[in-house]
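What follows is the residue order along each chain.
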Amino acid sequence: MEGERAAGAPRTGKGAVIAAGRELGLMFIAVLAYFAIRGLTQGATADALRNASRVVELEQLLGIHIEDRLQALILHSHALVTLANWVYIWGHWPFIAIVAAWLVLGHPGEYRAIRNAFLLSGSAGLIIFALFPVAPPRLFDPNLIDTVTEHSRSYRVLQPPALVNQYAAMPSFHFGWNLLIGLGIIRCSRRAWVKAIGVAAPAAMGLATVLTANHYILDLIVGAAMALTALYLVELARGRRFAPWRPGPWLRPFEPGRADAA
């Protein structure tokens, strides 16, 4: 138990800087590897369009195929389009990097849990990208506008085209991974306004992915399910037992010796 506390204790001084640099450097390498492999798994255009049609048909069956109606709400306003683009671009990797650095320094135990959930869900996602390529709404529906490409260049800097798989719409890790980071914020912050950021950030990202025509609503659902499943498996691996339908344990940090099970 003492070992667990020591492993999860905040780091200070020079050791903190070294640890943060090491952890974030490893994560950066893992992210580059993820994108490189994802780029290699790009499927054929015909398969991606066919699978996109299947996603749309399922959304229509579920009554959630409203991507075109949602985007129509912002197209009249350049400010709203820009806001959606900024959230999609700057609210993902830059935001994740900042929160990850905070977690590494102050809450290393929770950082490792979130990091491992990233790696586990990302590995599973690569398999889906290879076996089930899906064209995003911007490449499937001619009535939708690719707002990021038409109105912003920043995204091509943060995510070079050579590392982009155009047919990796399903699942949406833009939403799933922001959800994991949001949980990290909620778990580790004691301030209500900071916890509110943990709620607002993934919600804003989920909306932005649809408004920019980069993801279907079903992509968000699957991305969230995969991210949360990965985190739950990580929690089980570090000895934490709780019923997944209970919200409480998801929102608080791991405390050795505490009974989370139903």
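Scope of this entry: the structure provided in the associated data block. (Residues numbered from 1 in each chain as written. Predicted model: local features only at pLDDT ≥ 70, side-chain atom pairs only at ≥ 80, totals over all residues. Heavy atoms only, no water.)

## Describing helix α11 (residues 173-188)
Note the cut-off: The helix and strand labels rest on DSSP assignments: H or I over at least four residues marks a helix, E over at least two residues marks a strand, and numbering proceeds from the N terminus. For a helix, the expected span equals 1.5 Å multiplied by the residue count minus one. In this scheme, a residue with accessible area under 20% of its type's maximum is buried, one over 50% is exposed, and one in between is partly exposed, where area comes from a 1.4 Å probe on protein chains only. N or O atoms within 3.5 Å of each other form a polar contact, as long as, within protein, one can give a hydrogen and the other can take it, and as long as residues adjacent in sequence are counted only when both atoms are side-chain atoms.
For α11, which comprises 16 residues, the first-to-last C-alpha distance of 22 Å matches the rise-based estimate of 22 Å (1.5 Å per residue) to within 8%. Along α11, 16 of the 16 residues are buried, which leaves the element largely enclosed by surrounding structure. Capping the start of α11 is the job of one residue whose side-chain oxygen sits 3.3 Å from the backbone nitrogen of Phe175: Ser172.

## Examining the packing of aromatic side chains
The condition is simple: Working definition: rings of Phe, Tyr and Trp (its six-membered ring) pair if their centres are within 6.5 Å, and the pair is stacked with planes under 30 degrees apart, edge-to-face with planes over 60 apart, and tilted otherwise.
Within this structure, the stated rule accounts for seven aromatic pairs. With a centroid separation of 6.3 Å and an interplanar angle of 75°, the aromatic rings of Phe129 and Phe173 are classed as edge-to-face. Taken together, the residues Phe129 in helix α7 (residues 108-131) and Phe173 in helix α11 connect sequence positions 44 residues apart. Residues Tyr232 and Trp250 carry aromatic rings whose centres are separated by 6.0 Å and whose planes lie at 35° to one another, so their mutual orientation is tilted.

## Let's talk about the pattern of salt bridges
The criterion, for reference: Definition used for salt bridges: Asp or Glu carboxyl oxygen within 4 Å of a side-chain nitrogen of Lys or Arg.
Taken as a whole, this structure holds seven salt bridges when the rule is applied. Linking Asp47 and Arg50 is a salt bridge whose minimum nitrogen-to-oxygen distance equals 2.7 Å. In this pair, Asp47 and Arg50 are both assigned in helix α3 (residues 45-62), three residues apart and thus about one turn of the helix distant. Judged by relative accessible area, which is 33%, Asp47 ranks as partly exposed.

## Comments concerning the nonpolar core
Our working rule: Think of a nonpolar core as a cluster: buried Ala, Val, Leu, Ile, Met, Phe, Trp, Tyr and Cys residues, connected wherever their side-chain atoms sit within 4.5 Å.
Counting 34 residues, the largest nonpolar core has Phe118, Trp177, Leu180, Ile181 and Leu231 as its most contacted members. Where this core is concerned, the elements lending two or more residues are α2 (13-40), α6 (93-106), α7, α11, α12 (192-211) and α13 (217-237). Membership of the second largest hydrophobic core comes to eleven residues, among which are Ala52, Val55, Tyr167 and Leu218.

## A word on the environment of Ala48
Counted only if it meets this: Working rule for contacts: check all heavy atoms of both residues, and any pair within 4.5 Å makes them a contact.
Structurally, Ala48 can be placed in helix α3. Separated by 85 residues in the primary sequence, Ala48 and Pro133 have C-alpha atoms spaced 4.8 Å apart. Aside from chain neighbours lying at most four places away, what touches Ala48 is Pro133, Val134, Ala135 and Tyr167.

## Concerning unusual backbone geometry
With an omega dihedral of 0°, the bond running from Met170 to Pro171 counts as a cis peptide bond. Examined against the element boundaries, Pro171 turns out to sit in the loop between α10 (154-158) and α11. In this model, Ala213 sits at a positive phi of 65°, which is unusual for a non-glycine residue. When you line up the elements, Ala213 lands in the loop between α12 and α13.

## Focus on a nonpolar patch on the surface
Keep this limit in mind: Two joining distances apply to patches: 9 Å for like charges and 5 Å for nonpolar side chains (Val, Leu, Ile, Met, Phe, Trp, Tyr), and every residue must have over 30% relative accessible area and no salt bridge. We get accessible surface area from the Shrake-Rupley algorithm with a probe of 1.4 Å; when it comes to residues, only the shown protein chains can shield them.
Side chains of Leu26, Phe28 and Ile29 sit close together on the surface and give an oily, nonpolar patch of about 340 Å² of accessible area. Here Leu26 is to be found in helix α2.

## Things to note about empty space enclosed by the protein
Think of a ball as big as a water molecule: rolled over the atoms, this probe shows where empty space is left. Here is the rule: A cavity, in this analysis, means grid points on a 1 Å lattice covering only the protein atoms where a 1.4 Å probe fits yet has no way out; a pocket is instead an open set bounded by protein on both sides within 12 Å along at least five of seven lines, and a residue lines either one if it has an atom within 4 Å of a point. Grid points are joined across faces, edges and corners, and a volume is the space filled by probe spheres set on the points. Side-chain classes follow a simple rule in which Ala, Val, Leu, Ile, Met, Phe, Trp, Tyr, Cys and Pro form the nonpolar group, Asp, Glu, Lys and Arg form the charged group, and the remainder, Gly included, forms the polar group.
Under the criterion given, the structure shown has three cavities of 30 Å³ or more. A volume near 60 Å³ is recorded for the second largest cavity. Considering the residues around the second largest cavity, the lining is formed by Met27, Ile96, Ala100, Leu103, Tyr111, Ile114, Arg115, Phe118 and Ile181. When contributions to the lining of the second largest cavity are tallied by element, the ones reaching two or more residues are α6 and α7. Considering each element in turn, the lining of the second largest cavity owes the most residues, four residues, to α7. Of the residues that constitute the lining of the second largest cavity, the class distribution is eight nonpolar, no polar and one charged.

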